[in-house]
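# Summary of the model geometry
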Amino acid sequence: MRITARVGVLVIVVIVNSLVYMSLRQETYNANKLQRPEDLEVFGRLKRIEDQVHKIAKFIDVKDKKVKEPVVKQKITKKIEVKKLYPQSRLFSSWGAELTEEEQMEAERQFQEYGYNVFLSNRLPVNRTIPDTRDHRCTLKIYPNDLPSISVVLIYLNEALSVIKRAVRSIIDKTPAHLLTEIILVDDYSLNEDLQLPIDEYIGLINKDKPGLIKKVRHKRQIGLAKARMSGWEAAKGQVVAILDAHIEVHKEWAEPLLARIKADRTIVLSPVFDKVRFDTLEIIKYNPSAHAFDWNLWCMYESFRPEWYKMNDPSEPGKSPSIMGILVADRQFLGEIGVLDEGMTIYGGENVELALRVWLCGGSIEVVPCSKIAHIERAHKPYSPDLSKPMIRNALRVAEIWLDEYKSNVNIAWNLPLKDHGIDIGDVTERKELREKLKCKPFKWYLENVYPLLDRWKDIMGYGVLKNDLKEDHCIDQGPVPGSVPILFRCHNYKPQYCYYNSNGEIYIGGIKSHTYNSNRCLTDPGSGSTPGLHDCKQAKEKGLSIYWDFNQGNAIRNRNTNRCLELGQGQDSYYHLILQTCSGQKWTIQHVIKDF
Ligand SMILES: *[C@@H]1O[C@H](CO)[C@@H](O)[C@H](O)[C@H]1NC(C)=O
Ligand SMILES: [Mn+2]
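Anyway, here's the lowdown on the structure attached to this text. (Residues numbered from 1 in each chain as written. Chains lettered and ligands numbered in written order. Predicted model: local features only at pLDDT ≥ 70, side-chain atom pairs only at ≥ 80, totals over all residues. Heavy atoms only, no water.)

### Structural notes on the overall build of the protein chain
We count it as follows: Only DSSP runs of H or I with at least four residues qualify as helices, and only runs of E with at least two residues qualify as strands; both kinds are numbered from the N terminus onward. Whether a residue is buried, partly exposed or exposed follows from its accessible area with a 1.4 Å probe, protein chains only, as a fraction of its type maximum: under 20%, in between, or over 50%, in that order. Whether two residues are in contact is decided by their heavy atoms, any of which lying within 4.5 Å being enough. Accessibility throughout is a Shrake-Rupley quantity obtained with a 1.4 Å probe, and a residue counts as covered only by protein chains that appear here.
A count of helices and strands for the protein chain gives 17 helices and 24 strands. Taking all 598 residues of the protein chain together, 53% fall into the buried category. For the protein chain, the share of sequence-separated contacts (at least 6 apart) that also reach a separation of at least 24 residues comes to 72%. Just so you have it, the protein chain exposes about 27800 Å², and 53% of that area is on carbon and sulfur atoms.

In structure tokens, the structure reads:
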């Protein structure tokens, strides 16, 4: 009985781990997963401030009701009678308490379809006022009069019409008219009714006022994000092109700082700073400027700027960025000269990293411009594919093949794929490799050394993947419950909690590997007494002098260099196998993938 309960808990822990991991992977594109501890702290603070504002608002509400008590009483009793139809829905967790049942049904249906609150969007003014979230220094900046002109491209797939209207309206209202060449709507084969006739009527209405301002490019089949962006670039006529999502609202004076930067140097590819628009309340949450980057899976993430930026002590200044999240602003011709986007990318993901590497390696650079702000709806789910990791893996391997030189195997390691014969078709890369030659681009090593030194080289990894013992081949080493510091033996499920790495120093990481030098992996340790192995932060373990170095050859024992004990399986009184440390008895271990023979 007791044993069953314990196994049950472990199963739940592992499933939760995997789910958290999978949802993390899905969300990273939106950039709203903050990665660094300092960001989390800022985020925590913002959240607390927000909570307080809500509390104050409630307090005011309550006071208000007290005054008008006789009138309100009836309403309140009525409210209580409305059933919450979707207590589990993320849409209603902090929104929609006053909705009738019919309204809840409509709101939930639209939420399921679009991933954000269309019901509310349809009821907000298209020209709603949004708070100015820029640094105060931005309002003092003066930009040249003769800035280059700009074409704004909005890419969408099954977007709500009211959301597109709000994007278009904000661009027309907040871009100097003499600089705005056009707004190009690129429809990657949306099927919703609103985006057929009704959007054309809307375009007609605006063009009646401003002939030719809005153009539409509609694809007759879905071509994916990279190609859709490319088609927007092809249609553009302005000197500068901004390729944006359609679920955005631009802030006041968003264009000038970008155009001024490109006027100063046409080889800089730019990103504005995104504020988050909550998918449920559509409220704007201020984000502070930060660089864009990626991990070895080539998922994008926020990153700190280089130290030079912080030394300026002026958060309104543009900062160099290793990568770009997806939304981009560039000199139209320069973007063409360096090959726009890789049309060999399918569906979604990785194309931004490809662009970033190409820009940096082939004569340009990337900057984030804090005074240019764009509010961006963070969707609860995305329209392209329920599981974005499949196209992402394919695109990541393609980027690796074209750009990463001797570091390309890191992408295989990150996705736990074999180095050869992984069976994933990355398409034809000849043209892109020729482009790299033609543009005389620098080697990837230069990028690592000069642009993104925070990316860990992973040069010492010798083997990776799940780690199994001959005695029990359907079981794998697993990081065990989190938080916790005891690795366990568990049925193999091949998710991150079971990924292990053996490096040339003799360390064994369990439960994934970190891409950045500022993060630390978790190392298998022998505590020296007792039979339970440990799992500890490697940097700390090294400082404390714990026994973290192991001798291991593929198909042989795992023996601690300090204690001489082996990691083995032992059968407990419950007849289950457990991971234990004991005098070596010759048990054999096999790691899934080998990089160098060891
Ligand atoms: C929004 O548009 C309406 C109608 O054109 C106008 O009356 C109103 O002043 C506008 N609001 C803002 C905040 O610009
Ligand atoms: Mn988006």
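So much for the structure itself; the text now carries on.
### Some thoughts on the nonpolar core
General note: in soluble globular proteins, nonpolar side chains tend to be found buried as a group. Applied cut-off: By nonpolar core is meant a set of buried Ala, Val, Leu, Ile, Met, Phe, Trp, Tyr and Cys residues that side-chain atoms within 4.5 Å join together.
Within the largest apolar cluster, 75 residues are counted, with the highest numbers of intra-cluster contacts made by L357, W403 and Y447. The dominant element in this core, judged by the number of residues it contributes, is helix α13 (residues 389–403), at eight residues. The residues contacting L357, other than those within four sequence positions of it, are F294, V399, W403, L404, F444 and Y447. Core analysis: the next-biggest nonpolar cluster, separate from the first, contains 49 residues, V152, Y156, I214 and L244 among them.

### What about the coordination of the manganese ion (ligand 2)?
Ideal values for angles at a metal depend on the geometry: 109.5 degrees with four tetrahedral donors, 90 or 180 degrees with six octahedral donors. Spelled out, the test is: Coordinating N, O and S atoms are those within 2.8 Å of the metal (3.2 Å for Na, K and Ca), and as water is not part of the atoms, a site may appear to have fewer donors than expected.
The protein atoms that coordinate the manganese ion (ligand 2) are D245 (OD), H247 (NE2) and H376 (NE2), at distances of 2.1 to 2.2 Å. Sequence positions of the residues that donate to the manganese ion (ligand 2) give the spacing D-x1-H-x128-H. With D245 in strand β4 (residues 240–245) and H376 in strand β12 (residues 365–377), the pair connects residues that are 131 residues apart, well separated along the chain. Like D245, the residue H376 is buried in the burial classification.

### Observations regarding unusual backbone geometry
Residue P483 follows V482 across a cis peptide bond; omega there is 0°. As for its position among the elements, P483 is in the loop between β14 (475–478) and β15 (488–491). Even without being glycine, D421 reaches a positive phi, approximately 55°. Locating D421 in the fold gives a position in the loop between α14 (409–414) and α15 (430–438). For D421, a relative accessible area of 77% corresponds to the exposed category.

### Quick look at α13
Threshold: To estimate the expected span of a helix, subtract one from its residue number and multiply by 1.5 Å.
Compared with an ideal rise of 1.5 Å per residue, which puts 15 residues at 21 Å, α13 spans 20 Å between its outermost C-alpha atoms and is within 8% of the ideal. Taken across its 15 residues, α13 has 13 buried, putting it largely inside the fold. Downstream of α13 by one or two residues, D405 has phi in the positive range, about 50°.

### Section: the pairing of strand β2 (residues 180–187)
Here is the rule we go by: Whether two strands pair depends on DSSP finding at least two bridges between them. Seen with its strands pointing away from the viewer, a crossover is right-handed if its path from the first strand over the helix to the second goes clockwise.
Taken across its eight residues, β2 has seven buried, putting it largely inside the fold. Relative to β2, strand β1 (residues 150–156) runs parallel, the two sharing seven bridges. Considered in β2, the bridge of I150 is made with L180. Traced from β1 through helix α6 (residues 161–174) to β2, the parallel crossover comes out right-handed. The pairing of β2 with strand β3 (residues 214–218) spans five bridges and is classified as parallel. Residue pairing in the sheet places V186 in a bridge with V217 of β3.

### Comments concerning the pattern of salt bridges
Quick note on the threshold: Whenever Lys or Arg places a side-chain nitrogen within 4 Å of a carboxyl oxygen from Asp or Glu, that contact is recorded as a salt bridge.
Summed over all chains, the structure comprises 32 salt bridges. Taking the shortest distance from any N to any O, the salt bridge between E367 and K320 comes out at 2.9 Å. One end of the pair, E367, is in strand β12; the other, K320, is in strand β10 (residues 319–320), with 47 residues separating them in the sequence. Overall, E367 belongs to the buried group, its relative accessible area being 3%. Residue K320 is classed as partly exposed on the basis of its relative accessible area, which comes to 36%.

### Section: a negative patch on the surface
Counted only if it meets this: Two distance rules govern patches: like charges are joined within 9 Å, and nonpolar side chains (Val, Leu, Ile, Met, Phe, Trp, Tyr) within 5 Å, applied only to residues with over 30% relative accessible area and no salt bridge. Counting rule for charge: Lys and Arg are taken as positive, Asp and Glu as negative, and neither His nor the chain ends is counted. For this purpose, a charge sits on NZ of Lys, CZ of Arg, CG of Asp or CD of Glu.
A surface patch of negative charge is lined by E234, E343, D428, E431, E434 and E437. With three residues, α15 is the largest single contributor of residues to the negative patch. Within the secondary structure layout, D428 lies in the loop between α14 and α15.

### What to know about the side chain of S231
Here S231 lies in helix α8 (residues 225–235). Beyond its immediate chain neighbours, meaning those up to four positions away, S231 contacts V186, V217 and H219.

### Observations concerning the packing of aromatic side chains
What counts here: Centres within 6.5 Å make a pair out of two Phe, Tyr or Trp rings, where for Trp the six-membered ring is used; the pair is then stacked when the planes are under 30 degrees apart, edge-to-face when over 60, and tilted otherwise.
Counted according to the given criterion, the structure contains 20 aromatic pairs. Ring plane angle 35° and centroid distance 4.2 Å describe the contact between F305 and W309, whose orientation is recorded as tilted. For W309, a relative accessible area of 10% gives the class buried. Ring plane angle 65° and centroid distance 5.5 Å describe the contact between F552 and F598, whose orientation is recorded as edge-to-face.

### Focus on the state of the cysteines
Using the following cut-off: Counting rule for disulfides: a pair of cysteine sulfur atoms within 2.5 Å.
Scanning the model with the defined rule gives five disulfides in all. Linked covalently through their sulfurs, C138 and C371 form a disulfide whose S-S length is 2.1 Å. Its S-S torsion of approximately -85° makes the covalent link between C138 and C371 left-handed. Placement of the pair is C138 in the loop between α5 (118–121) and β1 and C371 in strand β12, with a sequence separation of 233 residues. Considered together, C138 and C371 belong to a single accessibility category, that of buried residues. Residue pairing for C523: its cysteine sulfur links by disulfide to C538, the two sulfurs lying 2.1 Å apart. An S-S torsion of about 100° defines the bridge between C523 and C538 as right-handed. With C523 in strand β18 (residues 522–525) and C538 in helix α17 (residues 538–544), this pair connects stretches of sequence that are 15 residues apart. Exposure class is identical for C523 and C538. Each is buried.

### Topic: the environment of C441
Here C441 is to be found in the loop between α15 and α16 (444–450). Residue C441 is classed as buried on the basis of its relative accessible area, which comes to 14%. In the structure, C441 is positioned 84 residues away from L357 in sequence and 9.7 Å away in space, judged by C-alpha atoms. Other than its neighbours up to four places away in sequence, C441 contacts L361, C362, W403 and R436.

### A few points about the side chain of R432
For R432, the position within the fold is in helix α15. Classification of R432 as buried rests on a relative accessible area of 12%. Every residue in contact with R432, bar those within four places of it in the chain, is listed here: G339, L341, D342, E354, R358, R398 and I402.

### A look at the environment of L419
Locating L419 in the fold gives a position in the loop between α14 and α15. Taking the C-alpha atoms as reference, L419 lies 9.3 Å from K408; in sequence the two are 11 residues apart. If sequence neighbours within four positions are ignored, L419 has contacts with S409, N412, Y464, V594 and I595.

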